[in-house]
Amino acid sequence: GAGEIGAVPMSETQAHRANTAATAAIIRTDVRKIRDKCCNFPLRSAALKNIIGLLLSGTSGVVLPQKYFIGDSFLNPLTKAEDGLFLANVTFEPGCRNNWHIHHAKKGGGQLLICTAGEGWYQEYGKAAVSLVPGTVIVIPEGVKHWHGAKKDSWFSHKAIEMPGEECSNEWCEQVSDKEYNAL
């Protein structure tokens, strides 16, 4: 049956989401405790840093359509587009990347990426790929063909901000080939 919080009835889907969010919060708290007790030394293991970073940033969300990605990626919207600014956490499994794509707008637009966990790649068409690590900020102007995703051996998360603009749209292009990706 449907769960309830106070006097406000919830659907089964809402109850499931609330339980999932509560469980994720508990896991993140436990991971912080483990990090604080056991990791007061410099972390030498990139894998351990990666796992702790991803657990703290969260990987919940919907799996994004395979037609635009190679591998699995997860979108967790943090705001709604109708709020005036769309912000989401996007998490990529190792080796996952999106297709080449372009953010179009009549005025304004583009995208801002803030890397939060793991390691990834960003590349503009015709340019060298840029290595992404937590703290890296990428500003993608309107009209620039590009792709981004995880490195081969690392989960990767970033916050994606769709910059406000007029008549904004995304054009999805060809996949980033295995040959292109494996050359990085």
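Residues numbered from 1 in each chain as written. Predicted model: local features only at pLDDT ≥ 70, side-chain atom pairs only at ≥ 80, totals over all residues. Heavy atoms only, no water.

Let us now look at the overall build of the protein chain. Helix and strand counts for the protein chain stand at three helices and 17 strands. Here the protein chain, with 184 residues, has 34% of them falling under the buried criterion. When contacts within the protein chain are restricted to residue pairs at least 6 apart in sequence, long-range pairs at least 24 apart make up 69% of them. Counting only carbon and sulfur atoms, one obtains 58% of the accessible surface of the protein chain, whose full area is about 10,600 Å². (Helix = DSSP H or I, 4+ residues; strand = E, 2+ residues; numbered from the N terminus. Buried < 20%, exposed > 50% of the residue type's maximum accessible area, 1.4 Å probe, protein only. Contact = heavy atoms within 4.5 Å. Areas by Shrake-Rupley, 256 points an atom, 1.4 Å probe, with all protein chains shown as cover.)

Here we come to the packing of aromatic side chains. In total, this model carries seven aromatic pairs according to the counting rule given. Taken together, a centroid distance of 6.2 Å and an interplanar angle of 45 degrees make the contact between F69 and F92 tilted. With F69 in strand β4 (residues 69-70) and F92 in strand β6 (residues 86-92), the pair connects residues that are 23 residues apart, well separated along the chain. Each member of the pair, F69 as well as F92, carries the same accessibility label: buried. Measuring from ring centre to ring centre gives 5.4 Å for W100 and Y125, while their planes differ by 80 degrees; the resulting arrangement is edge-to-face. Of this pair, W100 sits in the loop between β7 (97-98) and β8 (101-104) while Y125 sits in the loop between β11 (120-124) and β12 (130-132); the two residues are 25 residues apart in sequence, bridging distant segments of the chain. With a relative accessible area of 54%, Y125 lands in the exposed category. (Phe/Tyr/Trp six-rings, centres within 6.5 Å; stacked < 30°, edge-to-face > 60°.)

We now examine the confidence of the model for the protein chain. Of all residues in the protein chain, 65% attain a pLDDT of 70 or more, and the chain-wide mean is 77. Between residues 1-8, whose pLDDT stays under 50, and residues either more than four places distant or in other chains, the model counts nine contacts. Confidence drops under pLDDT 50 across residues 34-49; counting only partners more than four residues distant or on other chains, this segment forms eight contacts. (pLDDT = per-residue confidence, 0-100.)

Take the pattern of salt bridges next. Within this structure, the stated rule accounts for five salt bridges. A salt bridge links E119 to K151; the nearest nitrogen and oxygen atoms lie 3.3 Å apart. Placement of E119 in the loop between β10 (111-118) and β11 and of K151 in the loop between β14 (146-150) and β15 (156-162) is noted, with a sequence separation of 32 residues between them. A relative accessible area of 14% means that K151 is categorised as buried. (Salt bridge = Lys/Arg side-chain N within 4 Å of Asp/Glu carboxyl O.)

For N99, the position within the fold is in the loop between β7 and β8. Once you skip the residues sitting within four places of it in the chain, N99 turns out to touch K67, Y68, F69, H146, W147, W172, C173, E174 and Q175.

Turning next to the nonpolar core. Among the nonpolar cores identified, the biggest contains 16 residues, and F92, L113, Y122, L132, I138, I140 and F156 are the most heavily contacted of them. Counting residues per element, the ones that place at least two in this core are β6, β10, β13 (137-140) and β15. Of all the elements, β6 adds the most residues to this core, at three residues. Apart from residues no more than four positions distant in its own chain, Y122 is found in contact with L113, A129, V130, L132, I138, I140, V144, H146, W147 and H148. If you look at the next biggest cluster of nonpolar residues, it comprises seven residues, including W100, I102, C173 and Y181. (Core = buried A, V, L, I, M, F, W, Y, C linked by side-chain atoms within 4.5 Å.)

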